[in-house]
Amino acid sequence: MLLQHAPNPSLALTNSLGGVSFLAASQTRETVVGIQRDARGCSIPGRMALYMSKLLSSDFNFEHTEFSCKVDLIVYLSLTAELATDQLTTMADHSVWDSLSDRDNLADLETLVTSTQKYMTGIAGRSQGWRDGSGTEEAQLVHTLISKLIQQSRQYSLSPTGFYASRSLQTILQALTERHGFPSSGEQWLTDTDCLTSSPSTVYPAVAILAGLGETLKTSKSVSNFCNRLVSDIAGAKLGQEKSFITLVLLNLAMQVYDIGELPVANNRLVFAVRQITSWLETPQDFDNAFATETCRCLQRLLPCIKDVYGSYWEKAIDFCIYLWTKPPSQPIEPRLPEIHASLRLMIVLQSLEEPNDDLVDILETSMSKRSAALIELLKLPREKHAQPLEIVDSILCRQVEKLPLQDYDDLSELYGLVASDSRAIQTAAFSILHKALPAVQEKLSVDILLEKQEARLPDELLSLLLDAPTLDSYPDDSIAQFPNPVRSYLLSWHLVFDAFRAASFKVRSDYAENLKTENYIGPLMDFTFDVLGHSAAHALSLDRVGFTADHIRHYDLALAESEPEEKNMQWLFIHLYYLVLKFVPGLFKAWYIDCRSKQTKIAVEGWMTKYFSPIIISEALDDVVRWNEAQEAPTGDEKELIVKVSRAAREVIAGYEVDDLNASIAIRIPPGFPLDAVTVVGINRVAVDERKWKSWIMTTQGVITFSVCTYFLTHPRVYLHTTLSALLTFHKYRAGAL
C-alpha cells in the first residue's frame, strides 16, 4: 500500500534522481487509507524494517537464511528506508509513520534510515567482484540485489514502486562506486543491462545507473553516445509530451556526469538543442511544474557550453525565470519548489559565467530591476509547512536577495512583516535588506521632516512587531536556549528600530524616542532581557566567561552570529540591544529601572551595567567631546578660547579660560555608574569673578545636565555628548559675558 502512494512533488528537488520523481507523481496522489498500524502509528513495513535494521546493527548473521529470502528481505528493507527518507525530508504524515509529531516516532524513523544506510554501505565495501557475482558472498548478494532492482525498475515503469526501486538501486551503486570505483568490465556491464535508452520502461534503471556511478562514467563510450543521442532527440522534442519529458530527465542526469561546460557533444548539436528548448519559452504559460523544472535544469548545463554564441537564448532564459517567480500563485508553494529552485540555480549560473558574451551582459544589466522585484515577490509567498525542500529554496533565495543593490528597494513597508516569518532564512533576508536600506531612508526622511515641520514616527509595520513581546514563562529552559524564531524575530525588530535611530537627525530621533515612550515599548524588552540573561534570578550572565568582548557589545554581526551555538547567538543579540538602549534612549531605560519592583533585579542590573557597559558608554562620550573640540573654529576678535581637556582615567572633562595668565576652569565628572548615576559639575579654579557668581555658574551648568536627564536625554542625537557639551557651552556663555 505504501508503494502506491506517489512521492511528494517537492522531492524532485532533494532526491538524487532529480525530476524522474515527477513521472511517479503522475500516478494518483490520494491519501493512502487502510494501512494497518500499531498503537504509535507505525505501519507494518515500518515496524518490520525497524526491527530488521536493529538486528543488522547488532551483527545478526543471515547464514541460516535462504539466499533468495535474504535478497527479498534486503530489498524490502531498502525500499522502506527510501520511503522513510522521504518522510523525513518532507515531514509528511500518513507514510511509514502516521505522524512525526511525537519525538519517539521521529527518532525511530531516523534510526531506520541511518542503520539501513550503514548496512548497505558495509556490504558494498565487502563486495569486490560485484559486477559478475564472483568472490565473496556479499559480492554475490549485491550482484543479485542489483539485478532484482533493475528488474523491478523496469517492471513497474512510471510508478511509485519502480521509482523507489530505482532509488534503492542508485544507493547501492553509489556505495559500490565510492568503495571500488568503476569496474574494468563496467563498459560491458552497461551494454548488457540495455538500460541506456530513452523509453518509459528503461528510464528508472537508466537514471539510477547514471546517478549511482556518477563521475566515474566520464570515460565511458556508452554514456558519451547516450548523451549525444539525447541532445539530438531534444532538438526535435515538443513541449508537453511524455517522451520529451523523459528525454529531458535522462539528459539532465547524463550531463551531471561531466563538468559544467565540458559535454562530449559537438557545439552545433548543443546550439540546436538550446534553440529548440528556448523556443518553448515563448509560451511560458504552457509549462507545468515538472517541465519548467527540467527545462531550467537542462539550460543550466547547456548554456555554459555555448557561452560564446550570440542570440535570443539568453534573454528568453532570463525572462522565463522572472515569469516563474512572478506568475500568479494558483497553488501552494510546495509543488512549485522544484521549479523555483531550478530557476534560481539557472540565474546563478548565468550570472557567474566567465567571459560572457555581450548579449548576456546586456540582458543581465537591463533586467536587474525586474529580477530584483521578482525575487522580493518570492520572499512574500506564503509558506504553510516548513521542511527541507523549502529550507533549501529559501536559503538560495535569501542569498540572492541580500546581494541586490539598495536602489532596488522602493517600498520597505511590506518587508517588515517578513522579519516575523516562521522561516529563519526569510527572517534573515528581510532583516538584511532593511538593515542595509534604512540609513538612506532615514537621511531622506530627516530632510523631509525638517522642510515640512512634521513629527516623525517609526513605521507602524515595524512597531507592530514589538507588540506581544515574548516572556520567559512562554518558553521552557531547553526551548529558549534554542533561540526560537519568534524570539529572534522580536530581537531583530528591535535592532531595526535602533538602525532607524542611528541614521536619523536630532529632530527625528527625538520623535522616535517619544514613540517608544508613549506606548512603553522599552519596558517589555528590558523585562525579557533580564529574565533570559539571569538578572531576575540574581545570576547575571558573565560576559567574560561566555567570551563576549567590547566589540560584541558594540556590534552584532548576523552572519557571524549564525555560526555560533543558538544560545550564544541569542545572548549576543540581547547584550548588543541593551547597549543600543543605553546609547540612544538611556532615559527610557532609567525610567524602567526606577519603576522596577524587584530589588534583586535592580542590584544585578546596576552592577552588570557598571562593569561591562558604562566604561564603553563613557569612553564613547569622551571621544565625542574630543571630536567636537577639534572641530571648533578659532576664536575671533576679543573672544576667548574655551580650553577643553579630557581625562579618561578620571572620567572627566575640564573646561576653562585663560585670564591674566591664570586658568578659570570647571570639571564635568562622569560617574562609573553612568547613565544611571548623574553627571556632576565642580569648580576647580575661580579667577576674576566673585564666589557668589562663580557658584551660580556652576549651579546653572549642573542644571543643564539635570534637565537633560529629566527629559530622558531626548535633546540631541548623541545624548551623552549633548549632556556634556551643553554644560560646556553654558559655562562658555557665562564666562564670555563676564569677560
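The model shown is predicted, which means the values in this text are computed figures rather than measured ones.

Caption draft 1: Examining the overall build of the chain more closely. Looking only at helices and strands, one finds 33 helices and four strands in the chain. With respect to the principal axes defined by its C-alpha atoms, the chain has extents near 115 × 60 × 45 Å. Relative to its 739 residues, the chain shows a buried fraction of 53%. For the chain, long-range pairs separated by at least 24 residues make up 71% of all intrachain contacts whose partners lie at least 6 apart in sequence. Entry remark: accessible area of the chain is about 32800 Å², with carbon and sulfur atoms responsible for 50%. Averaging the locations of the 67 positively and 91 negatively charged side chains of the chain gives two centres separated by 3 Å.

Caption draft 2: Quick peek at helix α14 (residues 313-326). Between its first and last C-alpha, α14 extends 20 Å over 14 residues, near the 20 Å set by a 1.5 Å rise per residue. Buried within α14 are the following residues: Tyr-313, Trp-314, Ala-317, Ile-318, Phe-320, Cys-321, Ile-322, Leu-324 and Trp-325. The secondary structure elements touched by the buried residues of α14 are α12 (267-280), α13 (289-302), α15 (333-351), α16 (358-366) and α17 (368-380).

Caption draft 3: Molecular detail of the environment of Gly-703. Its location among the elements puts Gly-703 in helix α32 (residues 691-710). The partly exposed category is assigned to Gly-703, whose relative accessible area is 33%. In this structure, the C-alpha to C-alpha distance between Gly-703 and Phe-60, residues 643 residues apart in sequence, is 86 Å.

Caption draft 4: Structural detail: the nonpolar core. In terms of nonpolar packing, the biggest core is built from 236 residues, with Trp-494, Phe-589 and Phe-613 touching the most fellow members. A per-element tally of this core places helix α29 (residues 566-584) first, with 12 residues. In this structure, Phe-589 is in contact with Met-526, Phe-530, Tyr-578, Val-581, Leu-582, Val-605, Met-609 and Leu-676, ignoring residues within four places of it in sequence.

Caption draft 5: Region of the structure containing helix α8 (residues 186-193). Within α8 the residues assigned to the buried category are Gly-186, Trp-189, Leu-190 and Thr-193. Take α8 and look down its axis: the buried residues cluster within an arc of 100°, on one side only. The inward-facing, buried residues of α8 abut α6 (137-155), α7 (160-180), α9 (203-213) and α10 (221-234). Note on α8: the residue one or two positions beyond its end, Asp-194, has a positive phi of about 55°.

Caption draft 6: The packing of α17 against helix α18 (residues 388-401), seen in detail. Between α17 and α18, the shortest axis-to-axis distance is 10 Å and the interhelical angle comes to 140°. Classed by the angle they form, the pair α17 and α18 counts as oblique. Note on packing geometry: the crossing formed by α17 with α18 is left-handed. Together, Leu-375, Ile-376, Leu-378 and Leu-379 of α17 and Leu-397, Cys-398, Gln-400 and Val-401 of α18 make up the contact between the two elements. Of the residues that constitute the contact of α17 with α18, the class distribution is seven nonpolar, one polar and no charged.

Caption draft 7: The packing of aromatic side chains, seen in detail. One pass over the full model with this rule turns up 24 aromatic pairs. Between Phe-163 and Tyr-164 the ring centres are 5.0 Å apart and the planes differ by 65°, which places this aromatic pair in the edge-to-face class. Judged by relative accessible area, which is 0%, Phe-163 ranks as buried. Taken together, a centroid distance of 4.8 Å and an interplanar angle of 50° make the contact between Phe-287 and Phe-320 tilted. Linking Phe-287 in the loop between α12 and α13 with Phe-320 in helix α14, this pair joins segments that are 33 residues apart in sequence. Of the two residues examined, Phe-287 and Phe-320, each falls in the buried class. Above the ring of Phe-548, the side-chain terminus of Lys-568 is found at 5.5 Å from the ring centroid. Directly above the aromatic system of Tyr-593 lies the positively charged group of Lys-602, at a separation of 5.1 Å from the ring centroid.

Caption draft 8: A look at the packing of helix α3 (residues 44-57) against helix α4 (residues 67-90). At a minimum axis distance of 10 Å, the contact between α3 and α4 shows a crossing angle of 115°. Considering their axes alone, α3 and α4 lie roughly perpendicular with respect to each other. In the packing of α3 onto α4, the handedness of the crossing is left-handed. Here α3 contributes Pro-45, Gly-46, Ala-49, Met-52, Ser-53 and Leu-56 to the contact with α4, which in turn contributes Leu-73, Ile-74, Leu-77 and Thr-80. Each residue belonging to the contact of α3 with α4 can be placed in one class, and the counts come to seven nonpolar, three polar and no charged.

Caption draft 9: Broad picture of unusual backbone geometry. With an omega dihedral of 15°, the bond running from Phe-674 to Pro-675 counts as a cis peptide bond. For Pro-675, the position within the fold is in the loop between β3 (662-669) and β4 (680-685). The backbone of Asp-468 sits at a positive phi, close to 50°, despite the residue not being glycine. Among the structural elements, Asp-468 can be located in the loop between α21 (460-463) and α22 (477-480).

Caption draft 10: Local environment of the state of the cysteines. By the definition in use, this model includes zero disulfides. Sulfur of Cys-298: no disulfide; nearest cysteine sulfur belongs to Cys-227 and is 9.4 Å away.

What counts and how
Residues numbered from 1 in each chain as written. Predicted model: local features only at pLDDT ≥ 70, side-chain atom pairs only at ≥ 80, totals over all residues. Heavy atoms only, no water. Helix = DSSP H or I, 4+ residues; strand = E, 2+ residues; numbered from the N terminus. Buried < 20%, exposed > 50% of the residue type's maximum accessible area, 1.4 Å probe, protein only. Contact = heavy atoms within 4.5 Å. Areas by Shrake-Rupley, 256 points an atom, 1.4 Å probe, with all protein chains shown as cover. Lys, Arg positive; Asp, Glu negative; His and termini not counted. Charge placed at Lys NZ, Arg CZ, Asp CG, Glu CD. Expected span 1.5 Å × (residues − 1). Core = buried A, V, L, I, M, F, W, Y, C linked by side-chain atoms within 4.5 Å. Arc of directions from axis to C-beta. Axes fitted to C-alpha atoms, helices over the stretch in contact; angles between N-to-C directions. Parallel < 35°, antiparallel > 145°, perpendicular 65-115°, else oblique. Left-handed = near helix turned anticlockwise from the far one by under 90°. Nonpolar A, V, L, I, M, F, W, Y, C, P; charged D, E, K, R; others polar. Phe/Tyr/Trp six-rings, centres within 6.5 Å; stacked < 30°, edge-to-face > 60°. Lys NZ or Arg CZ within 6 Å of the ring centre and 35° of its normal. Disulfide = S-S within 2.5 Å.

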